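Secondary and tertiary structure notes
The residues making up each chain are set out below.
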Amino acid sequence: MTPLGEKGSPCAFLAFSLLVLLVLLVVDGAHGRPFEDEDYYMQELLSREHYYHAPEEPVSPPEASDWGADDRVNLRAAKKEPKIREKENRPDKAAAGKNGNNKVEKNKKGGMKNSINEGESHFKPVKEECPPMGLETLKIDDFQLHASTMRRYSLGPHRGRLNIQAGIYEDEFYEGGWCAGRNDPMQWFEVDARRLTKFTGVITQGRSSLWSSDWVTSYRVLVSNDSHTWVTLKNGSQDLIFTGNREKEIPVLSEFPAPVMARYIRVNPRSWFSGGSVCMRVEILGCPMPDPNNYYRRRNEITTTDNLDFKHHSYKEMRQLMKIVNEMCPNITRIYNIGKSFDGLKLYAIEISDNPGEHELGEPEFRYTAGSHGNEVLGRELLLLLMQFMCQEYLAGNPRIRHLVEETRIHLLPSVNPDGYEKAFEVGSELGGWSLGRWSEDGLDIHHNFPDLNSILWEAEARKLTSRRVLNHHIPIPDWYLAKNATVAVETRALIAWMEKIPFVLGGNLQGGELVVSYPYDRTRFRSKTREATPTPDDLVFRWLAFSYASTHRLMTDASRRVCHTVDFAKEDGTVNGASWHTAAGSMNDFSYLHTNCFEMSMFVGCDKFPHKSELPDEWENNRESLLVFMEQVHRGIKGVVRDTQGRGVANAIVSVEGINHDVRTVADGDYWRLLNPGEYKVIVRADGYTSTSKVCEVGYEIGATRCDFVITRTNLSRIKEIMDKFSKQHGDSPLPVRRPPQPRPQRRCGA
């Protein structure tokens, strides 16, 4: 061999270089030094002894002829099996875990459990629960998900997330799960935790699809620290086979007999539904181990400094928390209820104002509601956090919060559907699936249970009856809807009575399962259209209001974020016209706009409808600024008082803005609020018995509504009518005396 530094054969030099590199790698591995793409925890390479006390015996794979059949290993001779819980369609009243704080709650009666012989297992059961790693919440990004094969891109591993939805029309990009390219037991779905993690369980679902039935009925779990050497979880000497799903929607949890430490985890399907394929949606339960040098963790870490109660609250705990807030801030809060649910639970609301219980002249009313779908829990907890935050900050002298409280009457209704919430709460956050608890106890979707006033308005517009017989605002509720036997939830009736009693100006209802703000109209004008942009006359105002929330949310307008399900709303600045997304008649948003003065929209505040309690601090940070900014928008536009010449407020006067075919009305004291974007507007005020008047009002860019008062005078006809009514009251119901003309005398005849 030619010495280094001298001319020699290139091949020999290359061979020598490769030899030196190989020696260095071997020495590096012997000393346990991690490679550049591994963190320092990689020094603890996995070994079979790391998991088991006894040497393992390999189990032969099933014969090829048995592929697709239930090839799970018989575990009856083992000491302990994995705990398997399955959520039933009907929640079990005996379900444990009612504190709702754990990501997964035990379902004692509804779960499946194989019989176990307790004589031969090497496992020692360890009671330790870890939160979901974040496949559903998108904390785990697409680059951390891998698979052996995939049928096509739209069914790749990036779609194998728990509760991901495929939508009505499955397309080439967004389908509802991971599906292997071949149906054999050699397929696998892999998650890279990017750090050493204590894995404790797996949750599985089948493929979300209206047209296919695909789910895995059993599977193995393997772990690794280098993605090359894999260790299968064992039950004694045999591979541990976990029971999968019996249908495609109900999530099934399988807990490991003991936690396992690794960086990578694989789910290896062993059998599947005979009429379907190897398809699944997955969530992994795991506790990341401390690692200050882990780049991935530091990059996305969020830490809240707010001292709030971050947990899921049962109905009783919610009521207690509201009482605590009221006791902390008795001068600015008031608890009341707007009615009862189907099961008799009171619908509690809390008012936050410097004069609680009293409508102040010129002070706008604002509302947040949440939980109309009982399983969309994040909005409920955000409102409970918001009331705590506002109380604490008010007491601390925060000028922004003090100004908001002193200039606004705020109402927070955290649980519109407490009956549905209790169902979802009993089974826990990950086992509720996509729909358990969504509807009211009598099976109605409360958010879409309002009267369809859109059809009444549009029919009148088509017949050109809008200005004469049907107004463009305050459209009355049809008689059929008010009948006792109408299909209307008691919660909906309570909401309508509340909306009619209090003159709300702006409102938001918090929902879940997406990251977007939806604004009216929610129904397409033509029934033949399933989705079509259907703007209101106030479309520009609604767009601004929606953008004010979305743009201050930490994720909604992030163009780099992954879509929750099938639509990339970040391309539209995190906002969408409801009807262009999916048409729905009788929504709360449309009803509020057409029947009252209130502009309302829906905030879908997270991809995960029921996040684990450990996610609540992050979700609070994501939404806190948005919640405050949106409330402040109630002070945008014009406001004022409509009075007569004697200084008395005129109620029910119509306030119109030239060029916008939607009016608002004054309330009992004559005050009004009209949300508008910056600009100059000609405003016309009219009322029965008064002459109409108008003026130009200018709206600026800064927060703070422009004051625009009006004085209107009585018409002559109304004055005469008032005098006649006054006289009638003084003299009873007797009519005014009528003077009869004198009768002419009879003429005498000549000669009489």
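Heads up: the structure comes first, above all this text.
None of the values given here were measured: they were computed from a predicted structure. (Residues numbered from 1 in each chain as written. Predicted model: local features only at pLDDT ≥ 70, side-chain atom pairs only at ≥ 80, totals over all residues. Heavy atoms only, no water.)

**Let's talk about the overall build of the protein chain**
For the protein chain, the helix and strand inventory stands at 15 helices and 27 strands. A separation threshold of at least 6 residues defines the contact pool for the protein chain, and within that pool the share at least 24 residues apart is 78%. As presented, the protein chain carries roughly 35,300 Å² of accessible surface, and 52% of it is formed by carbon and sulfur atoms. (Helix = DSSP H or I, 4+ residues; strand = E, 2+ residues; numbered from the N terminus. Contact = heavy atoms within 4.5 Å. Areas by Shrake-Rupley, 256 points an atom, 1.4 Å probe, with all protein chains shown as cover.)

**A few points about the side chain of Arg562**
Tracing the backbone shows Arg562 in the loop between helix H11 (539-550) and strand E18 (575-577). There is a polar contact of 2.7 Å between the side chain of Arg562 and the side chain of Asp142. Looking at Arg562, its side chain comes within polar contact range of the main-chain oxygen of His158, at 2.8 Å. (Polar contact = N/O pair within 3.5 Å; in protein donor to acceptor, adjacent residues only side chain to side chain.)

**Topic: the nonpolar core**
Tyr368 and Met390 are the most contacted members of the largest nonpolar core, which totals 92 residues. The greatest single-element share of this core, amounting to 11 residues, is contributed by helix H5 (residues 378-395). Apart from the residues lying within four places of it in its own chain, the contact partners of Met390 are Ile352, Ile401, Leu404, Val405, Ile410 and Met631. Counting 30 residues, the second-largest nonpolar core is a separate cluster that includes Val202, Val221, Ile265 and Val282. (Core = buried A, V, L, I, M, F, W, Y, C linked by side-chain atoms within 4.5 Å. Buried < 20%, exposed > 50% of the residue type's maximum accessible area, 1.4 Å probe, protein only.)

**Here we look at the state of the cysteines**
For the structure on display, the rule yields five disulfides. Cys329 shares a disulfide with Cys391; S-S distance 1.9 Å. Looking along the S-S bond of the Cys329-Cys391 disulfide, the torsion reads about 90°, which is the right-handed sense. With a gap of 62 residues between them, Cys329 in the loop between helix H4 (315-328) and strand E12 (333-340) and Cys391 in helix H5 connect regions that are remote in the sequence. As far as burial versus exposure is concerned, Cys329 and Cys391 are alike and both buried. Each disulfide pairs two cysteine sulfurs, and for Cys697 the partner residue is Cys708, the sulfurs being separated by 1.7 Å. Between Cys697 and Cys708, the S-S dihedral sits near -45°, and the bridge is therefore left-handed. Placement of Cys697 in strand E25 (residues 693-699) and of Cys708 in the loop between strand E26 (706-707) and strand E27 (710-712) is noted, with a sequence separation of 11 residues between them. Sequential numbering of the bridged cysteines in the protein chain gives the disulfide pattern 1-4, 2-3, 5-6, 7-8, 9-10. (Disulfide = S-S within 2.5 Å.)

**Focus on the pattern of salt bridges**
The final tally for this structure, using the stated rule, is 38 salt bridges. Note that Glu365 is salt-bridged to Arg409, the shortest N-O span being 2.9 Å. On the criterion of sequence distance, the pair formed by Glu365 in strand E14 (residues 365-370) and Arg409 in strand E15 (residues 409-413) is long-range, its members being 44 residues apart. Judged by its relative accessible area of 7%, Arg409 falls in the buried class. Between Arg674 and Asp538 there is a salt bridge, with the nearest N and O atoms lying 3.0 Å from each other. (Salt bridge = Lys/Arg side-chain N within 4 Å of Asp/Glu carboxyl O.)

**Things to note about the sheet that holds strand E24 (residues 679-686)**
The four strands lie next to each other as E22-E21-E24-E25, forming an open sheet whose pairing is antiparallel. The sheet is open, and its two edges are formed by strand E22 (660-665) and E25, each paired on a single side. Sheet twist, expressed as the average angle between the axes of neighbouring strands with direction ignored, equals 30°. Relative to E22, strand E21 (residues 654-657) runs antiparallel, the two sharing three bridges. (Pairing = 2+ DSSP bridges. Axes fitted to C-alpha atoms, helices over the stretch in contact; angles between N-to-C directions.)

**Brief notes about the packing of aromatic side chains**
Following the criterion strictly, the structure yields 25 aromatic pairs and no others. Taking the centre distance of 5.8 Å and the plane angle of 45° together, the rings of Trp178 and Phe189 count as tilted. Note that Trp178 is positioned in strand E3 (residues 178-179) and Phe189 in strand E4 (residues 189-205), a separation of 11 residues in sequence. When its relative accessible area of 0% is taken as the criterion, Trp178 is described as buried. Phe189 sits in the buried class, given a relative accessible area of 1%. Aromatic pair Trp480 and Tyr481: ring centres 5.7 Å apart, planes at 80°, arrangement edge-to-face. Three or more aromatic residues joined by ring pairs make a cluster, and in this case those are Trp458, Tyr521, Phe542, Tyr593 and Phe599. Directly above the ring of Phe504 sits Arg367, whose terminal nitrogen or CZ lies 4.7 Å from the centroid. Positioned above the aromatic ring of Tyr421 is the side chain of Arg380, whose terminal nitrogen or guanidinium carbon lies 3.5 Å from the ring centre. (Phe/Tyr/Trp six-rings, centres within 6.5 Å; stacked < 30°, edge-to-face > 60°. Lys NZ or Arg CZ within 6 Å of the ring centre and 35° of its normal.)

**Let's talk about the sheet that holds strand E17 (residues 514-519)**
Where strands meet in a sheet, backbone hydrogen bonds hold them as pairs that are either parallel or antiparallel. A sheet is described by the order of its strands in space; here eight strands give the open sequence E12-E13-E15-E14-E16-E19-E17-E18, paired in mixed fashion. Unpaired on one side and paired on the other, E12 and E18 mark the two borders of the sheet. The average undirected angle you get between the axes of adjacent strands in this sheet is 25°. Across six bridges, the pairing between strand E16 (residues 504-511) and strand E19 (residues 599-606) is parallel. Note on E19: the bridge partner recorded for Gly508 is Met601. Of the strands in this sheet, strand E13 (346-352), E14, E15, E16 and E19 are in contact with H5, which crosses E14 at around 135°.

**Topic: helix H14 (residues 616-632)**
Here H14 contains 17 residues, and its C-alpha end-to-end distance of 24 Å stays within 8% of the 24 Å for a straight helix at 1.5 Å per residue. Burial within H14 is extensive, with 15 of its 17 residues counted as buried. (Expected span 1.5 Å × (residues − 1).)

**What about the packing of H11 against H14?**
Packing of H11 against H14 leaves a shortest axis separation of 7 Å and a crossing angle of 150°. With respect to H14, the axis of H11 lies roughly antiparallel. Facing H11, whose interface residues are Leu545, Ser548 and Tyr549, H14 presents Asn623, Ser626, Leu627, Val629 and Phe630. Here the residues of the contact of H11 with H14 sort into five nonpolar, three polar and no charged. (Parallel < 35°, antiparallel > 145°, perpendicular 65-115°, else oblique. Nonpolar A, V, L, I, M, F, W, Y, C, P; charged D, E, K, R; others polar.)

**Quick notes on the side chain of Ser440**
Tracing the chain through its elements places Ser440 in the loop between helix H7 (418-427) and helix H8 (453-462). A distance of 2.5 Å separates a polar atom in the side chain of Ser440 from a polar atom in the side chain of Asp442. If near-sequence neighbours (up to four positions away) are discounted, Ser440 is found in contact with Asn417, Ile446, Ala489 and Glu491.

**Comments concerning the packing of helix H10 (residues 490-501) against helix H13 (residues 588-595)**
Following both chains from N to C, one finds H10 and H13 inclined at 35°, their axes separated by 11 Å at the closest point. Note on packing geometry: the crossing formed by H10 with H13 is right-handed. Contact with H10, carried on its side by Ile496, Met499 and Glu500, involves Met588, Phe591, Ser592 and His595 of H13 and no other residues of that element. A breakdown of the residues in the contact of H10 with H13 according to their chemical character gives four nonpolar, two polar and one charged. (Left-handed = near helix turned anticlockwise from the far one by under 90°.)

Such coordinate-based values are descriptive only and should not be taken to indicate function.
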